[in-house]
Amino acid sequence: MNYPTGVHPIARKVLDRDPRGVARACRFVDDRLDGYVDLMKDLFPHTGKAWIVGVTGNPGAGKSTLTDRLVELWRKEGRRVGVVAVDPTSPFSGGAILGDRIRMQRHFEDPDVFIRSLATRGALGGLSRSAVDVVRVLDAWGADVVIVETVGVGQDELEITRSAHSTLVVVAPGLGDDIQAAKAGIMEIADVFAVNKADREGADATVRDLELMIALGRKILEPPPSTKADCHSMAAAPVRRDVAGHEADGSWTTPICRCVATHNDGVDGVGKWLEEHRRWASQSSAGMKRHGQRVRDQFETEMRDALVEAALRALRPQIDAAVADVSARKADPYSACEALVEAFRRS
Ligand SMILES: Nc1nc2c(ncn2[C@@H]2O[C@H](COP(=O)(O)OP(=O)(O)OP(=O)(O)O)[C@@H](O)[C@H]2O)c(=O)[nH]1
Ligand SMILES: [Mg+2]
């Protein structure tokens, strides 16, 4: 392909779909090497086409196994798939990431699948910023779908999930207390629930728990629906838009799918509901609003990073002096910060 002169050499490789180029670009943005902003500038016009699917849930719920199955499902449909596995819990050992690689390794040979693990917290902006940039690299590479797997804990991970178009929360039976603990966060981010390990005891109770949570979330405004959509019933009957998914008032009620990822059972139902959510999000005003919020959140994060970086660079000597003063207790950190911000404003 021909590019205008000045296009970053790594960007050319990504746009030419050279797998090694994509790997280099991911490392480049993850490590924030010099020039990564220029690389992103060249890639950005080629982004915006991928559907970003967040997959989150408790450790061991089966996220990677389910992701592997979803990759298989979407590859059968001829889609190019990117996977970003974020593992903030073991940045040094990489243990879980190794596990993820094993679970998804059959896709490593496929030129239309690109899997990237992220464990570093990076310098500025941290994990969520790296994840957003790596997702953009895969988008520019030509991914139709990018799956972002995160463990559903912590602010960074919630932020990453918020940057997805559709979020799947994977829950395993027997984690009732965990569900209670994570309730608020989960309800906020779940677009589709997968009750995985439905071959285990307790799946029905978990589905009931989630149904109750969803009904409570919809409380007061309307009585809870008498029937809940379930992927098993979904296979048999057409989608009942009045009981899950699209609501008459334009809102979305989170459907619950049972699946057994290890046996590839119920996974197509999960895929169908994610697809349904994507359709809803692209058509409803709530979905549009969410899109606007996502762009704003990402832009504000970028602004914050850029401002902090610029300030640190411009004020380095003054910062050193202020640190010495605070350390010697000649100044309090609040006043010292205010003075530096004021100095940056005037600079
Ligand atoms: N019985 C049963 N086991 C499953 C199922 N899905 C996954 N597992 C097993 O559960 C374990 C954890 O699966 P993973 O896919 O690694 O779970 P994860 O949520 O990605 O785990 P972390 O990334 O470490 O948080 C593995 O041993 C899987 O084989 C299922 O549907 N039924
Ligand atoms: Mg995993």
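Here the structure is a predicted model, which means the values were calculated and not measured.

## Here's the deal with the overall build of the chain
Alright, step 1. Across its full length, the chain carries 14 helices and 9 strands.
Alright, step 2. For the chain, the proportion of its 347 residues judged to be buried stands at 39%.
Alright, step 3. At a minimum sequence separation of 6, the contacts of the chain that also span at least 24 residues come to 73%.

## So, the site of ligand 1
Alright, step 1. Inspection of the region around ligand 1 gives 19 residues, with P59, G62, K63, S64 and T65 positioned closest.
Alright, step 2. Here the shell around ligand 1 is built from residues that sort into 6 nonpolar, 8 polar and 5 charged.

## As for the confidence of the model for the chain
Alright, step 1. For the chain, the mean per-residue pLDDT works out to 81, and 77% of the residues sit at or above 70.
Alright, step 2. Considering only residues more than four positions removed or in separate chains, one finds that residues 90-96, a stretch of pLDDT under 50, has 9 contacts.
Alright, step 3. Under a pLDDT of 50 for its full length, residues 220-243 has, in the predicted model, 32 contacts with residues more than four places off or in other chains.

## What to know about the environment of D30
Alright, step 1. By the element assignment, D30 lies in helix α2 (residues 19-30).
Alright, step 2. Along the backbone, D30 and V132 are 102 residues apart, and their C-alpha atoms lie at a distance of 10.0 Å.

## Looking at the sheet that holds strand β6 (residues 192-195)
Alright, step 1. Ordered in space as β3-β2-β4-β1-β5-β6-β9, the 7 strands form an open sheet in which the pairing is parallel. Whereas interior strands pair on both sides, the edge strands pair on one side only; in this sheet they are β3 (113-118) and β9 (256-258). Taken over all neighbouring pairs, the strand axes of this sheet differ in orientation by 20° on average, direction set aside.
Alright, step 2. Examined bridge by bridge, strand β2 (residues 81-86) and strand β4 (residues 145-151) share 5 bridges and lie parallel to one another. Within the sheet, the bridge partner assigned to V81 lies in β4 and is V145.
Alright, step 3. Contacting β1 (51-57), β5 (166-171), β6 and β9, helix α11 (residues 267-283) crosses the sheet at an angle of about 150° to β5.

## A short note on the nonpolar core
Alright, step 1. V14, V84, V137, V146, V148, F193 and A194 are the most contacted members of the largest nonpolar core, which totals 73 residues.
Alright, step 2. For this core, the element with the highest residue contribution is helix α6 (residues 126-141), accounting for 8 residues.

## Some details on unusual backbone geometry
Alright, step 1. Despite not being glycine, R17 shows a phi value in the positive range, around 65°.
Alright, step 2. As for its position among the elements, R17 is in the loop between α1 (9-15) and α2.
Alright, step 3. One non-glycine residue, R32, lies in positive phi territory at about 50°.
Alright, step 4. Tracing the chain through its elements places R32 in the loop between α2 and α3 (36-43).

## Remarks on α11
Alright, step 1. In this model, α11 (17 residues) spans 25 Å end to end at C-alpha, consistent with the 24 Å of a helix rising 1.5 Å per residue.
Alright, step 2. Within α11, the full set of buried residues consists of V267, G269, V270, G271, W273, L274, E276, H277 and W280.

## Regarding the environment of C257
Alright, step 1. In this structure, C257 sits in strand β9.
Alright, step 2. We classify C257 as buried; it has 28 C-beta atoms within 10 Å.

## Digging into α2
Alright, step 1. End to end, α2 covers 17 Å across 12 residues, agreeing with the expected 16 Å (1.5 Å per residue, within 8%).
Alright, step 2. Looking at α2, one finds that the buried residues are V22, A25, C26, F28, V29 and D30.
Alright, step 3. Backbone geometry just downstream of α2 places R32 in the positive-phi region, at approximately 50°.

## Some words on the packing of helix α4 (residues 63-76) against α11
Alright, step 1. Taken N-terminus to C-terminus, the directions of α4 and α11 make an angle of 75°; their axes are 10 Å apart at the nearest point. One element, α4, and the other, α11, form an angle in the roughly perpendicular class. Packed against α4, whose contacting residues are L66, R69, L70 and L73, the element α11 presents V267, D268 and G271 at the interface.

## Describing the pairing of β3
Alright, step 1. Of all 6 residues in β3, 6 are buried; the element is thus mostly enclosed.
Alright, step 2. In the sheet, β2 pairs with β3 via 6 bridges, with the strands oriented parallel. Looking across to β3, one finds that V81 is bridged to V113.

## Here we look at the pairing of β1
Alright, step 1. Among the 7 residues of β1, 7 are classified as buried, and the element is accordingly described as predominantly covered.
Alright, step 2. Side chains of β1 alternate between two faces, with W51, V53, V55 and G57 and I52, G54 and T56 buried alike.
Alright, step 3. Direction of pairing for β1 relative to β4: parallel, over a ladder of 7 bridges. Across the sheet, I52 pairs through a bridge with V146, a residue of β4.

Calculation rules
Residue positions are given per chain, counting from 1 as you read along its sequence in written order. Just so you know, chain letters begin at A and ligand numbers begin at 1, following the order they were written in. Reporting in this predicted model follows two pLDDT cut-offs: at least 70 for local features of residues, and 80 or more for side-chain atom pairs to be given and counted; totals over whole chains, interfaces and linings ignore these cut-offs and use all residues. We count a stretch as a helix when DSSP gives it H or I for four or more residues in a row; a strand needs E for two or more, and each element gets its number in order from the N terminus. Backbone-placed C-beta atoms define the burial measure: a residue is buried with 20 or more other C-beta atoms within 10 Å of its own, exposed with 12 or fewer, and partly exposed in between. Contact between residues is assigned whenever the C-beta positions, reconstructed from backbone atoms, fall within 7 Å. All residues are tested the same way: a C-beta atom is placed from the backbone, and lying within 6 Å of a molecule or strand makes the residue near it. The classification used treats Ala, Val, Leu, Ile, Met, Phe, Trp, Tyr, Cys and Pro as nonpolar, Asp, Glu, Lys and Arg as charged, and all other residues, Gly among them, as polar. Every residue is assigned a pLDDT by the predictor, reflecting its confidence on a scale from 0 to 100. A pair of strands is treated as paired once DSSP finds two or more bridges between them. Angles shown run from 0 to 180 degrees and are taken between the N-to-C directions of axes, each axis being a line fitted to C-alpha atoms and, for helices, limited to the stretch in contact. Here, a nonpolar core means buried Ala, Val, Leu, Ile, Met, Phe, Trp, Tyr and Cys residues linked by C-beta atoms lying within 7 Å of one another. One less than the residue count of a helix, multiplied by 1.5 Å, gives the span that helix is expected to have. Each angle gets one of four labels, with under 35 degrees taken as roughly parallel, over 145 as roughly antiparallel, 65 to 115 as roughly perpendicular, and the rest as oblique.

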